Amino acid sequence: MVGGDGRFYNREAIQVILRMAAANGFGKALVGQGGILSTPAASCVIRKYGTFGGLILSASHNPGGPDGDFGIKYNIGNGGPAPEKITDAIFAASRALTSYRIADGTDVALDQLGVCTLGQMRVEVIDPVADYADLMESLFDFAAIRALIGSGFRLCFDAMHAVTGPYAKEILERRLGAPAGAVINGVPLPDFGNGHPDPNLTYADQLVAIMYHADKSAAPDFGAASDGDGDRNMILGRHFFVNPSDSLAVIADNATLAPGYAKGLAGIARSMPTSAAADRVAHKLGVPCYETPTGWKFFGNLMDAGKVTLCGEESFGTGSSHVREKDGLWAVLFWLNILAKRRLSVEEIVHRHWSEFGRNVYSRHDYEALPSAVAAELMAHVTGQFAALPGRSFGHYRVKFCDDFSYTDPIDGSLATGQGLRIGFEDGSRIVFRLSGTGTEGATVRIYLEAFEADPARHRMDAQDALGELIGIADELSQLKQRTGRDKPTVIT
Ligand code: NI
């Protein structure tokens, strides 16, 4: 299986991959029409047709174009990203290459559905949307969503000129009856229309302007966006942002409203920096909640073993065992299914959730492009205080535990260490420090702040205000301002 997100060089790379596959003895290759396959659709196709594996051409939410990014991802037969032992072996082989095989022949007509041959290999160009749309229709109550949309409910989906455009048009406009134009920026472009296809409040600014229209009644009821390769999602209500950690918790609590999940959940998994809102739902449901390192492969192992049904991460990724990737449109459809059944606004659903479970007020502060040495010393300074922290009080926050998060995979026994510094407080609040990217542009320190708030009277507070005390504690523990000379984060999510 081969396909990509449509970015610059997608089609050229596919021709090379097909020639190399033919020359190396593959019997058959599936290609998305026009070279298009979103990451979750590729995972769906690998699983549905039982292919040996698949190549996905994408650089996720990074800009495309002649000067933009390009990436090749290998997924294995379960539909998920290749585990490290395979990618390490591929990298080692690449260092020892002395030659490679490639077939001659004319280019495959990527826009023509059907079968052709390349050397001894059959190439089948498949509809990139149909298999995925059928899978979605098997999971969600399309009749209920159609009825919701028919009742005057208005939605806006921003495909950001990336891969989800054709999927969203087929599913939202054609199968679910949303009016033409409900999908904006729906044509995939090699340079994403010069945009940055990352579904957050900064880059999805056109959608944000629509959803936060000055005249609130003019804003649609529901807004959503996905990223370059279709695996991330952002959910908005009218003048309302759903934090990805809350989104996972709301989906989990309402999962049985969707036919594909009517039998309930086997368990939930979240990445360590994701808020513990989902843990509270798992507790209520009496199912396990796994806290894993950042990276989708950890979820894949749990899903293959049947231990979890839903998973999510704070960085706008949500998914389930229907594929082995996070899935942007799936999350959008899950929300529409919930809204169709409950007939409340997005904001009301989230507020009712907080009333029942309490609110894990959450924010991520990124300090980008720090000198690598400064970032490393900051992390070391935090770790250096760990022995003295448990039991210490900061205002009304009392430290319960602190550690450098490590994880032993319950399925394959592999150990992941150095996954981030956790400082947990007695009331369930947390501060997490993580260091990433120590490349030429310096290092990024991410601080994840989470304050548990049980009192409904305080649930409407602005997150940054509610987190003010924890932000001060994070600075005290890390000497962040003094060490970096920064008085505010580069990015607040
Ligand atoms: Ni992505």
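Up top you'll find the structure we're talking about.
Residues numbered from 1 in each chain as written. Predicted model: local features only at pLDDT ≥ 70, side-chain atom pairs only at ≥ 80, totals over all residues. Heavy atoms only, no water.

### A closer look at the coordination of the nickel ion
Geometry reference: four tetrahedral donors at a metal, ideal angle 109.5 degrees. Six octahedral donors, ideal angles 90 or 180 degrees.
Piece 1. Protein coordination at the nickel ion comes from Ser 60 (OG), Asp 227 (OD), Asp 229 (OD) and Asp 231 (OD), with a distance range of 2.1 to 2.2 Å.
Piece 2. Angles of 84 to 162° at the metal separate the four donor atoms of the nickel ion, which places the site in the irregular class.
Piece 3. Coordination of the nickel ion draws on donor residues from a single chain, spaced S-x166-D-x1-D-x1-D in sequence. Highlighted residues: Ser 60 in the loop between strand 3 (53–57) and strand 4 (72–76) and Asp 231 in the loop between strand 9 (222–226) and strand 10 (233–237), separated in sequence by 171 residues. A single burial state applies to Ser 60 and to Asp 231, both of which are buried. (Donors = N, O, S within 2.8 Å, 3.2 Å for Na, K, Ca; no water. Tetrahedral: all angles 85-135°; square planar, octahedral: opposite > 155°, others 65-115°. Helix = DSSP H or I, 4+ residues; strand = E, 2+ residues; numbered from the N terminus. Buried < 20%, exposed > 50% of the residue type's maximum accessible area, 1.4 Å probe, protein only.)

### Here we look at the side chain of Glu 313
Piece 1. Considering the arrangement of structural elements, one finds Glu 313 in strand 14 (residues 310–313).
Piece 2. Side chain to side chain, Glu 313 and Lys 326 meet in a polar contact 3.0 Å long.
Piece 3. Leaving out residues up to four positions away in the same chain, Glu 313 has contacts with Pro 244, Ser 271, Thr 274, Thr 294, Gly 295, Trp 296, Phe 299 and Lys 326. (Polar contact = N/O pair within 3.5 Å; in protein donor to acceptor, adjacent residues only side chain to side chain. Contact = heavy atoms within 4.5 Å.)

### A word on the environment of Leu 30
Piece 1. Mapped onto the elements, Leu 30 comes out in strand 2 (residues 28–36).
Piece 2. Sequence-distant contacts of Leu 30, that is, excluding residues within four places in its chain, are made with Met 1, Val 2, Val 45, Tyr 49, Thr 51, Glu 124 and Ile 126.

### Examining the sheet that holds strand 4
Piece 1. Read across the open sheet, the six strands follow the order 4-3-1-2-6-5; overall the sheet is mixed. Each edge of the sheet is formed by a strand with only one pairing partner; in this case those strands are strand 4 and strand 5 (114–118). Taking the axes of each pair of neighbouring strands and ignoring which way they run, one obtains an average angle of 25° across the sheet.
Piece 2. As judged from the five bridges shared by strand 5 and strand 6 (residues 121–126), these two strands associate in the antiparallel manner. Bridge pairing links Val 115 to Glu 124 in strand 6. (Pairing = 2+ DSSP bridges. Axes fitted to C-alpha atoms, helices over the stretch in contact; angles between N-to-C directions.)

### Observations concerning the state of the cysteines
Piece 1. Tallied over the full model, the rule gives zero disulfides.
Piece 2. The thiol of Cys 44 is not disulfide-bonded; the next cysteine sulfur, from Cys 311, is found 16 Å away. (Disulfide = S-S within 2.5 Å.)

### Some details on the nonpolar core
Piece 1. Of all hydrophobic cores here, the largest spans 72 residues; its most connected members are Phe 140, Phe 222, Tyr 261, Trp 330, Phe 334, Trp 335 and Leu 336.
Piece 2. Take this core: its biggest share by element is 11 residues, from helix 11 (residues 328–342).
Piece 3. The contact partners of Phe 222, leaving out residues within four places of it in the chain, are Phe 153, Arg 154, Leu 155, Cys 156, Met 211, Ile 235, Leu 236, Val 332, Trp 335, Leu 336, Leu 339 and Val 346.
Piece 4. Counting residues in hydrophobic clusters, the runner-up holds 31 residues, among them Leu 389, Val 399, Phe 425 and Leu 449. (Core = buried A, V, L, I, M, F, W, Y, C linked by side-chain atoms within 4.5 Å.)

### Details of helix 11
Piece 1. Compared with an ideal rise of 1.5 Å per residue, which puts 15 residues at 21 Å, helix 11 spans 22 Å between its outermost C-alpha atoms and is within 8% of the ideal.
Piece 2. Of all 15 residues making up helix 11, 13 are buried, and the element is well covered by its neighbours.
Piece 3. The opening residue of helix 11 is Asp 327, an N-cap whose side-chain oxygen sits 3.3 Å from the backbone nitrogen of Trp 330.
Piece 4. Immediately beyond the C-terminal end of helix 11, within one or two residues, lies Arg 343, with a positive phi of roughly 55°. (Expected span 1.5 Å × (residues − 1).)

### What about empty space enclosed by the protein?
Piece 1. Scanning all chains against the criterion turns up two cavities of 30 Å³ or more.
Piece 2. Its volume calculated, the largest cavity comes out at about 50 Å³.
Piece 3. Surrounding the largest cavity, Asn 233, Met 234, Ile 235, Val 242, Pro 244, Ser 247, Phe 316, Gly 317 and Thr 318 form its lining.
Piece 4. Those elements that provide at least two residues to the lining of the largest cavity are strand 10, helix 8 (244–253) and strand 15 (317–320).
Piece 5. For the lining of the largest cavity, the element with the highest residue contribution is strand 10, accounting for three residues.
Piece 6. Looking at the lining of the largest cavity residue by residue, the class counts come to five nonpolar, four polar and no charged. (1 Å grid on protein atoms, 1.4 Å probe; cavity = no way out; pocket = protein on both sides within 12 Å on 5 of 7 lines; lining within 4 Å. Points joined across faces, edges and corners; volume = space filled by probe spheres on them. Nonpolar A, V, L, I, M, F, W, Y, C, P; charged D, E, K, R; others polar.)

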